[in-house]
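Residues per chain, in single letters:
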Amino acid sequence: MDTKIEKIALFGKTLTELKEIVESLNFPGFTAKQIALWLYKKNINSIDEMTNLSLSAREILNKNYFIGTIKPIDKKTSQDGTLKYLFATDNGKFIETAYIPEENRNTLCVSSQVGCKMACVFCMTGKQGFQNHLSAGEIVNQLKSIDESEQVSNIVFMGMGEPLDNLENVLKALEILTSNWGFEMSPKRITVSTIGILDALKKFLQKSECNLAVSLHNPFDDERQKIMPIQKAQPIERILQEIKEWDFSRNRRVSFEYIMFKDFNDTKKHVNELAKILNGIKCKINLIRFHPVPTIDISGSADEAILEFQSQLRDKGIFTTIRASRGLDIDAACGLLSTKALLEKG
Ligand code: SF4
């Protein structure tokens, strides 16, 4: 009988997981670190290239494992230099990764899920519904397999999906990104963005030193519920309460993302309420322009309204920035490119 062996990807394994593998194969313990260094610090395409492993060790590994990095299937370049990569997943879906070069930093915006179940009304990824979680390997691959891998200075988990809904894989990815046997990035250069899931948030804050960004978008319970269904089960007040119990002043930052919607969340009343609910949290608010996307019937605030909102928040003593719009000519809004690819596939 011909039994086909399904090989397992090594890329995306933490050092602990690699130790379990080498132990199961009766290799010396130090082999785990050697494999990790090949996977995350060098550019190899096959196990045969791990030349400090014995020939027999490589043969044994080859029987059940493979490297498992995946090249993107499409790359779009914006006039402003922003790049958007499209990766295909095992189940015939697509995920997006954006590379945003700036003067002082080059930020990579990675996805953590295929689709998303949180159904925020302004989001194209939400419209796709939840398909599946990305593995740690699929998350880190978005850094490893792009042409600009070596130039990336910062990573934000603000692509497709809700990272805290896929906490286990996101934590593994963060371990690989920050460990000395991995990509050795400072946790201060990585930001995980969430709409706020309390239990997962607590675990994230305990287990990771990376920065936190919370998608706030409206300080009022009834209004936030209209655009973010999560507000019903996980009110932002409880999330803020948890954040107040952590010291963000030294090791990491907390910021709040605020997409500006015309006549919905851009009034003086919203400034006052934001100042009230964020009182006691040392943070930054990041105002984001909303650009129209197909099938979503909401308008973004005008630039003057955004500037006025920023000035009013600053008057309240809240550090507030306006995020520059990037890559508008290449479907940079999260979920647009993958939705197009799905539609074209039929
Ligand atoms: S905004 Fe984030 S959490 Fe909400 S549906 Fe989109 S991907 Fe999911």
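Residues numbered from 1 in each chain as written. Predicted model: local features only at pLDDT ≥ 70, side-chain atom pairs only at ≥ 80, totals over all residues.

J.: I tried to follow the overall build of the protein chain on my own but got confused; where do I start?
T.: The helix and strand inventory of the protein chain stands at 13 helices and 14 strands. Here the C-alpha radius of gyration of the protein chain, 21 Å, is about what a compact globule of 346 residues would show, namely 20 Å. For the protein chain, the C-alpha atoms occupy an extent of roughly 70 × 45 × 40 Å along the three principal directions. When burial is assessed residue by residue, the protein chain has 40% of its 346 residues classed as buried. Put simply, 68% of the contacts in the protein chain that link residues at least 6 apart link residues at least 24 apart. (Helix = DSSP H or I, 4+ residues; strand = E, 2+ residues; numbered from the N terminus. Rg over C-alpha atoms; globule rule 2.2 N^0.38 Å. Buried ≥ 20, exposed ≤ 12 C-beta atoms within 10 Å, placed from the backbone. Contact = placed C-beta atoms within 7 Å.)

J.: So what exactly am I meant to see when it comes to the packing of helix 1 (residues 15–24) against helix 2 (residues 31–41) here?
T.: The angle between the axes and the distance between the axes are what describe a pair of packed helices. The geometry of helix 1 relative to helix 2 is characterised by a closest axis approach of 8 Å and an angle of 125° between their N-to-C directions. Taken together, the axis directions place helix 1 and helix 2 in an arrangement best described as oblique. Judged by the twist between their axes, the crossing of helix 1 over helix 2 is right-handed. Listed contacts from helix 2 to Leu15, Leu18, Lys19 and Val22 of helix 1 are Thr31, Ala32, Lys33, Ile35 and Ala36. Taken together, the residues that form the contact of helix 1 with helix 2 break down as six nonpolar, one polar and two charged. (Axes fitted to C-alpha atoms, helices over the stretch in contact; angles between N-to-C directions. Parallel < 35°, antiparallel > 145°, perpendicular 65-115°, else oblique. Left-handed = near helix turned anticlockwise from the far one by under 90°. Nonpolar A, V, L, I, M, F, W, Y, C, P; charged D, E, K, R; others polar.)

J.: Got a minute to help me understand the site of the ligand in this structure?
T.: Around the ligand lies a shell formed by Cys116, Met118, Ala119, Cys120, Cys123, Thr125, Gly126, Met160, Gly161, Glu162 and Ile195. Among the residues forming the shell around the ligand, the class breakdown is seven nonpolar, three polar and one charged. (Near = placed C-beta within 6 Å.)

J.: Could you clarify how one ought to interpret the packing of helix 7 (residues 198–207) against helix 10 (residues 236–244) in this entry?
T.: Interaxial distance between helix 7 and helix 10 falls to 10 Å at its minimum, and their mutual angle equals 20°. In terms of their interaxial angle, helix 7 and helix 10 are classed as roughly parallel. Seen from above, helix 7 lies across helix 10 with right-handed handedness. Residue-level inspection shows Leu198, Leu201 and Lys202 of helix 7 in contact with helix 10, the latter providing Arg238, Ile239 and Glu242. Taken together, the residues that form the contact of helix 7 with helix 10 break down as three nonpolar, no polar and three charged.

J.: I tried to follow unusual backbone geometry on my own but got confused; where do I start?
T.: Among all residues save glycine, negative phi is the norm, and among peptide bonds the norm is trans. In this structure, His217 takes a positive phi of about 65° despite not being glycine. You will see that Asp263, though not glycine, has its phi angle at about 55°, which is positive. Take Asp263: it is sitting in the loop between strand 12 (254–260) and helix 11 (268–277).

J.: Help me understand the environment of Leu216 in this model?
T.: Mapped onto the elements, Leu216 comes out in the loop between strand 11 (211–215) and helix 8 (221–227). C-alpha separation for the pair Leu216 and Gln231, spaced 15 residues apart in sequence, amounts to 9.9 Å. If we skip the residues at most four places from it in the chain, Leu216 touches Ile236, Phe256, Glu257 and Tyr258.

J.: Can you help me understand helix 7 in this one?
T.: Structurally, the α-helix is built with 3.6 residues per turn, so residues lying three or four positions apart point the same way. Every buried residue of helix 7 is listed here: Ala200, Leu201 and Phe204. Looking down the long axis of helix 7, one finds its buried residues gathered within 105° of arc, a one-sided arrangement. Away from its buried face by more than 90 degrees, helix 7 exposes Asp199 and Gln206. Lining the buried residues of helix 7 we find helix 6 (167–178), strand 10 (190–194) and helix 10. (Arc of directions from axis to C-beta.)

J.: I keep staring at the domain arrangement of the protein chain and nothing clicks. Help me out?
T.: Here the domain parsing of the protein chain yields domain 1 (8–66) and domain 2 (74–345). If you average the C-alpha positions of domain 1 and of domain 2, the two centres end up 34 Å apart. Between domain 1 and domain 2, the residue contacts involve nine residues of the former and 13 residues of the latter. When residues in the side of domain 1 that touches domain 2 are grouped by element, the largest group, four residues, is from helix 2. Considering only residue class, the side of domain 1 that touches domain 2 consists of six nonpolar, two polar and one charged. (Domains from an automatic or database assignment.)

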